[in-house]
Amino acid sequence: RYDLKRAEDFSGGKVAFDVYPLSRFDLPFPNYRQPSEVGVFSLDAERDFHNDGRKLRCYVVPPDPKHVNFDLTEGYDTLIKRDEDEKERLDHMLRWILKNRRKFLLARRSVSSSSETGEQESEHAESDSQLHTDFIAWRGHFTKILCTPYENQDGWTMAVSKFNGTWYISEVETPEQRDRRVNMAPRQREMTYWGYKFEQYLTAAEPNGKPETSDPVNTNEAFCTVIRTRLNTHSMVFSGEVDCRIADNRMRAPQCYIELKTSRETYKPNQQRNFRRYKLLKWWAQSFLPGVPRIVAGFRDDNGVVNFLETFKTMEIPNIIKADSPTWNPSVCVNFCDQFLAHVKKVVQEDNHRGVLRKKRVENSAEEELRMPEATRQQFLDVVRFKWRN
Ligand code: 0WD
Ligand code: CA
């Protein structure tokens, strides 16, 4: 069973990357540089891109977090849902990159100032189009990679393209994922609404605003942070959706951000173990990556009513799970990611210098030119598939 869990390259697994034995990743925690925010962007009700933080929401502290009464089923009939057949790939991130090229020049400067020669400076001057970043992807893609050592159900496929010295990683929906999405039971479909409704009960558009729980929920809207960090030898820039910030604006990003989550109330010891084993792993990985320090969880019953909240500090989650006998080890996750990225660099070497020029008509007027790596169209140079059978 386990030896089938491996990453394969496009040519059918000639250069496979095995997950087991996990002991290969049971090493000291690798160097992970403190994530810093290099920018933000927003997606509005029409899913249009804005190069600013207009959709960032503020956390509204409920009077008594241990006793709340949020009915997450309310307003389901008014839901405005993003078209999930529309594959956006990395487009919004690439749009942000194109509008913020100068931030990558700064990255170059900090790279070259730490190296000795002036020779390198002139070399850089000629290759201004480079981003001086090894990996670009959504945060969610890295979350999936981090969780892979302990994931026994869902495989994934990522397309990887090397373009101008940067590896772009973009997830491709597998047939299994598509089946599940398209054939989701009505009840399940309704439950995916609950998470969004929960956000509405705890956030406001303005620092001193009140939650507007009778407004329709629109899943097109999003606020995204863009984070730069480094895992060992891999520099990376990724973007992740952020639910809200602490209203007090003296705190800087990403420390001010709060991740909101819902989960089924647990009473039996085995439910609690499963919560720590599976949910806390995903919650930790997702917030650890961008350095989001707090997760506010709403615990709900089977009818979709949240009765109490609990705050988890991201950095303390690994201590919470230590109470259990073998569960998951954050070092294994991060070392796995480190070695997997090294594998990708090795497997995907051919640089597609041309990229793909895609003209996009913007509101019938100006033409925006997006030069993108092939991974963002479905015509990629290399595909790294991760799959396994149970
Ligand atoms: O190309 C893809 N396969 C994906 C694209 C998979 C995952 C996300 N995305 C894109 C979407 O455009 C989305 O706007 O990434 C954006 C979010 O990026 P992320 O922060 O890297 O994603 P993730 O950490 O997986 O999820 C964060 C939140 C989710 O909240 P919860 O509390 O459930 O983790 O983003 C939302 C969701 O609210 N979200 C999505 N929104 C739109 N499309 C998607 C999606 N596919 N997946 C999660
Ligand atoms: Ca959330």
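Being a predicted model, the structure only gives us computed values, none of them experimental.

Analysis parameters
- Residues numbered from 1 in each chain as written.
- Chains lettered and ligands numbered in written order.
- Predicted model: local features only at pLDDT ≥ 70, side-chain atom pairs only at ≥ 80, totals over all residues.
- Heavy atoms only, no water.
- Helix = DSSP H or I, 4+ residues; strand = E, 2+ residues; numbered from the N terminus.
- Buried < 20%, exposed > 50% of the residue type's maximum accessible area, 1.4 Å probe, protein only.
- Contact = heavy atoms within 4.5 Å.
- Areas by Shrake-Rupley, 256 points an atom, 1.4 Å probe, with all protein chains shown as cover.
- Expected span 1.5 Å × (residues − 1).
- Polar contact = N/O pair within 3.5 Å; in protein donor to acceptor, adjacent residues only side chain to side chain.
- Salt bridge = Lys/Arg side-chain N within 4 Å of Asp/Glu carboxyl O.
- Axes fitted to C-alpha atoms, helices over the stretch in contact; angles between N-to-C directions.
- Parallel < 35°, antiparallel > 145°, perpendicular 65-115°, else oblique.
- Left-handed = near helix turned anticlockwise from the far one by under 90°.
- Nonpolar A, V, L, I, M, F, W, Y, C, P; charged D, E, K, R; others polar.
- Donors = N, O, S within 2.8 Å, 3.2 Å for Na, K, Ca; no water.
- Near = heavy atom within 4 Å.
- pLDDT = per-residue confidence, 0-100.
- Pairing = 2+ DSSP bridges.

## A closer look at the overall build of the protein chain
Phase 1: Along the protein chain, the regular secondary structure elements total nine helices and 19 strands.
Phase 2: Each of the 390 residues in the protein chain was classed as buried or not, and the buried ones make up 48%.
Phase 3: Pairs at least 24 residues apart make up 73% of the contacts formed inside the protein chain by residues separated by at least 6 positions.
Phase 4: A total accessible area of about 19700 Å² is found for the protein chain, and carbon and sulfur atoms account for 47% of it.

## Focus on helix H9 (residues 330-347)
Phase 1: With 18 residues, H9 ought to run about 26 Å at 1.5 Å a step, and its terminal C-alpha atoms sit 26 Å apart, in line with that.
Phase 2: The buried count for H9 comes to 15 of 18 residues, which makes it a mostly enclosed element.
Phase 3: Sitting at the head of H9, asparagine 329 places a side-chain oxygen 2.9 Å from the backbone nitrogen of serine 331.

## Remarks on the pattern of salt bridges
Phase 1: Under the criterion given, the structure shown has 15 salt bridges.
Phase 2: Note that lysine 144 and glutamate 171 form a salt bridge whose closest N and O atoms lie 2.7 Å from each other. Of this pair, lysine 144 sits in helix H4 (residues 139-147) while glutamate 171 sits in strand E9 (residues 166-172), and the two are 27 residues apart along the sequence.
Phase 3: The exposure class assigned to lysine 144 is partly exposed, which follows from its relative accessible area of 30%.
Phase 4: Among the ionic contacts, a cluster of salt bridges with common partners joins Asp85, Lys87, Glu173 and Arg181.

## Here's the deal with the packing of helix H7 (residues 269-288) against H9
Phase 1: Running from N to C, H7 and H9 point in directions that differ by 55°, and their axes come no closer than 11 Å. Comparing the axis directions of H7 and H9 gives the class oblique. For the crossing formed where H7 meets H9, the hand is right-handed. Contact residues: H7 offers Leu281, Trp284 and Phe288, while H9 offers Pro330, Cys333 and Val334.
Phase 2: Among the residues forming the contact of H7 with H9, the class breakdown is six nonpolar, no polar and no charged.

## Looking at the coordination of the calcium ion (ligand 2)
Ideal values for angles at a metal depend on the geometry: 109.5 degrees with four tetrahedral donors, 90 or 180 degrees with six octahedral donors.
Phase 1: Listed as protein donors to the calcium ion (ligand 2) are Asp243 (OD), Glu259 (OE) and Leu260 (O); their distances from the metal cover 2.3 to 2.5 Å.
Phase 2: Sequence positions of the donors to the calcium ion (ligand 2) reduce to the motif D-x15-E-L. Note that aspartate 243 is positioned in the loop between strand E12 (234-241) and strand E13 (244-245) and leucine 260 in strand E14 (residues 257-264), a separation of 17 residues in sequence. Like aspartate 243, the residue leucine 260 is buried in the burial classification.

## Notes on the site of ligand 1
Phase 1: For ligand 1, the set of nearby residues contains 16 residues, the closest of which are Arg139, Gly140, Glu241, Lys261 and Gln286.
Phase 2: Lysine 261 places a polar side-chain atom, nitrogen or oxygen, 2.7 Å from an oxygen atom of ligand 1.
Phase 3: In isolation ligand 1 has 750 Å² of accessible area, and contact with the protein removes 72% of it.
Phase 4: Elements with a contribution of two residues or more to the shell around ligand 1: H4, E12 and E14.
Phase 5: The residue inventory of the shell around ligand 1, partitioned by class, reads three nonpolar, five polar and eight charged.

## What to know about the confidence of the model for the protein chain
Phase 1: When the pLDDT values of the protein chain are averaged, the result is 84; 80% of them are 70 or greater.
Phase 2: The low-confidence segment residues 114-127 (pLDDT under 50) makes seven contacts with residues lying over four places distant or belonging to another chain.
Phase 3: Under a pLDDT of 50 for its full length, residues 356-371 has, in the predicted model, 37 contacts with residues more than four places off or in other chains.
Phase 4: Here the predicted complex scores 0.89 on pTM and 0.95 on ipTM.

## Some words on the side chain of threonine 143
Phase 1: Assignment of secondary structure puts threonine 143 in helix H4.
Phase 2: Judged by relative accessible area, threonine 143 falls into the buried class, the value being 10%.
Phase 3: When residues no more than four places from it in sequence are discounted, the contact partners of threonine 143 are Lys282, Ala285, Gln286 and Leu289.

## Quick word on the packing of H4 against H9
Phase 1: At their nearest, the axes of H4 and H9 sit 7 Å apart, and the two run at 110° to each other. Between H4 and H9, the angle falls in the class roughly perpendicular. Seen from above, H4 lies across H9 with right-handed handedness. On H9, the residues that touch Phe142, Ile145 and Leu146 of H4 are Cys333, Val334, Phe336, Cys337, Phe340 and Leu341.
Phase 2: When the residues that make up the contact of H4 with H9 are grouped by side-chain class, the tally is nine nonpolar, no polar and no charged.

## A look at the pairing of strand E16 (residues 305-313)
Phase 1: The pairing of strand E6 (residues 70-71) with E16 spans two bridges and is classified as antiparallel. Note that in E16 the partner of phenylalanine 70 across the bridge is valine 306.
Phase 2: Both strand E15 (residues 294-300) and E16 contribute to a ladder of seven bridges, which runs antiparallel. Paired with isoleucine 295 across the two strands is phenylalanine 312, which belongs to E16.
Phase 3: Taken together, E15 and the strand that follows it, E16, pair antiparallel across an intervening segment of four residues, in which glycine 304 is found at a positive phi of about 80°.

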